[in-house]
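Below are the chains, spelled out letter by letter.
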Amino acid sequence: MIPTVGDERSGGRVVDSFTLMPAWIRNEITINGKKLTECDYIGLHPNIAVKLYDGIESYLTHPKVAESTGMSEKEVKVEHLSFFNKNWFGMMESPLFDYYSKNEATMLENIRKDKLANGYKITSKKMFKVEVEIMTDVIKYLNPLGVYVLYVYDALLCEQKDKALVIETMNRIILEHGVMTCVKVDEVDSIEPQAEPLAMELPKFTLDEVVNLYEVLPMLLFDVTDTMKIISDINYSKIEMNVLVKYFGKQMNEQKYNDYVGVPITADKIAMLKNIIC
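Residues numbered from 1 in each chain as written. Predicted model: local features only at pLDDT ≥ 70, side-chain atom pairs only at ≥ 80, totals over all residues. Heavy atoms only, no water.

**Q** How do you make sense of unusual backbone geometry when you look at a structure like this?
**A** In the Ramachandran plot, Asp54 falls in the positive-phi region, its phi being about 60° despite a non-glycine side chain. Mapped onto the elements of the fold, Asp54 is located in the loop between helix H3 (44–52) and helix H4 (62–69). Owing to a relative accessible area of 54%, Asp54 belongs among the exposed residues under this scheme. The phi dihedral of Tyr59 is positive, around 55°, even though this residue is not glycine. Of note, Tyr59 is situated in the loop between H3 and H4. (Helix = DSSP H or I, 4+ residues; strand = E, 2+ residues; numbered from the N terminus. Buried < 20%, exposed > 50% of the residue type's maximum accessible area, 1.4 Å probe, protein only.)

Pasting the structure below:
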């Protein structure tokens, strides 16, 4: 089936035989004899709803909602697939309604007003549109690097060797869109991105060279949360390398104090930083 771009009702989601096939079949697909691995966002649509309708929570997860409601994680996940797409009375009858009315009252009221003014499907239209914009930007960044992925709505399938880069890119770009969530990472994934950069030869930078912190900090094995903290602290994402060196020195001194709330700068981080400076 030739890929078809959806209209405004689906936010431009692309549909083809690959996205429509059962997940268990997709999981058996190989390219050049190698199985693919999936990268998908945690609770993407609830976190998009928070962004669109002035919510206050961030990094919403199915387990977090399950713990608060007494529902199982599977029940929360299934209900989240339809909760925001329902009409207002359908949302009120959902087992998720009490959670959001207690924790996101303003967001729910904004959704109610939007559905009343523009029809109940307006919420899903807006959410799908944001989802498509995020995934489009991720793919546009990866393809020029020679990293090609298969698209399945809010998830991407890639080769295992590319997974660390795909995850970092997805995490960075979704934050640029103002949606506060990240890619699901299991124990295997958390080990592999740490081992791989040490095994390959990293690029070198001069002290007066302007670098992109979104690219440099992952080389030093900072996760997305710490990366965003450092960039926010410095207040710029593109800086001269010597500014980063000075920042590390300052943070090392400040973290000696008990009230330090910054990102830990360890001896390993300093060693890796020195390794990429020529």
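**Q** Mind showing me how you'd approach the environment of Tyr59 here?
**A** Tyr59 gets classed as partly exposed once you look at its relative accessible area, which sits at 30%. Separated by 17 residues in sequence, Tyr59 and Ile42 have C-alpha atoms that sit 8.0 Å apart. Not counting residues up to four positions away in its chain, the partners in contact with Tyr59 are Asn47, Leu175, Met180, Thr181 and Cys182. (Contact = heavy atoms within 4.5 Å.)

**Q** In this structure, what is going on with the side chain of His62? I would like to understand it.
**A** Mapping His62 onto the fold places it in helix H4. With sequence-adjacent residues up to four places away left out, His62 is seen in contact with Gly43, Glu73, Val76, Lys77 and His80.

**Q** In this structure, what is going on with the pattern of salt bridges? I would like to understand it.
**A** Close approach of charged atoms allows side chains of opposite charge to pair. The tally for this structure, following the rule as stated, stands at eleven salt bridges. Between Lys184 and Asp40 there is a salt bridge, with its nearest N and O atoms 3.6 Å apart. Here the residue Lys184 occupies a position in the loop between helix H10 (163–176) and helix H11 (187–199), and Asp40 occupies one in strand S5 (residues 37–40), the gap between them amounting to 144 residues. In this structure, the salt-bridge partner of Glu168 is Arg172, at a minimum N-O distance of 3.6 Å. Highlighted residues: Glu168 and Arg172, both in helix H10, separated by four residues, approximately one helical turn. A cluster of three or more residues bridged by salt bridges with shared partners is formed by Glu168, Arg172 and Glu176. (Salt bridge = Lys/Arg side-chain N within 4 Å of Asp/Glu carboxyl O.)

**Q** What is the right way to read the packing of helix H9 (residues 122–142) against H10 from this model?
**A** The relative placement of two packed helices comes down to the angle between their axes together with the axis-to-axis distance. Here H9 crosses H10 at 135°, and the two axes come no closer than 9 Å. Taken together, H9 and H10 sit at an angle that is classed as oblique. In terms of crossing hand, the pair formed by H9 and H10 is right-handed. Mapping the contact onto sequence places Ile134, Met135, Asp137, Val138, Tyr141 and Leu142 in H9 and Leu165, Val166, Thr169, Met170, Arg172, Ile173 and Ile174 in H10. The class makeup of the residues in the contact of H9 with H10 is ten nonpolar, one polar and two charged. (Axes fitted to C-alpha atoms, helices over the stretch in contact; angles between N-to-C directions. Parallel < 35°, antiparallel > 145°, perpendicular 65-115°, else oblique. Left-handed = near helix turned anticlockwise from the far one by under 90°. Nonpolar A, V, L, I, M, F, W, Y, C, P; charged D, E, K, R; others polar.)

**Q** Just to check I follow, could you spell out the sheet that holds strand S6 (residues 150–152) for this structure?
**A** Working definition: the strands of a sheet are paired by backbone hydrogen bonds and lie parallel or antiparallel to each other. Pairing is antiparallel across the open sheet formed by three strands, whose spatial order is S5-S7-S6. Where the open sheet ends on each side, the last strands, each with one partner, are S5 and S6. Neighbour to neighbour, the strand axes of the sheet diverge by 25° on average, direction disregarded. Where S5 meets strand S7 (residues 155–158), four bridges bridge the pair, whose relative direction is antiparallel. (Pairing = 2+ DSSP bridges.)

Remember, this is a structural readout, not a statement about activity or role.
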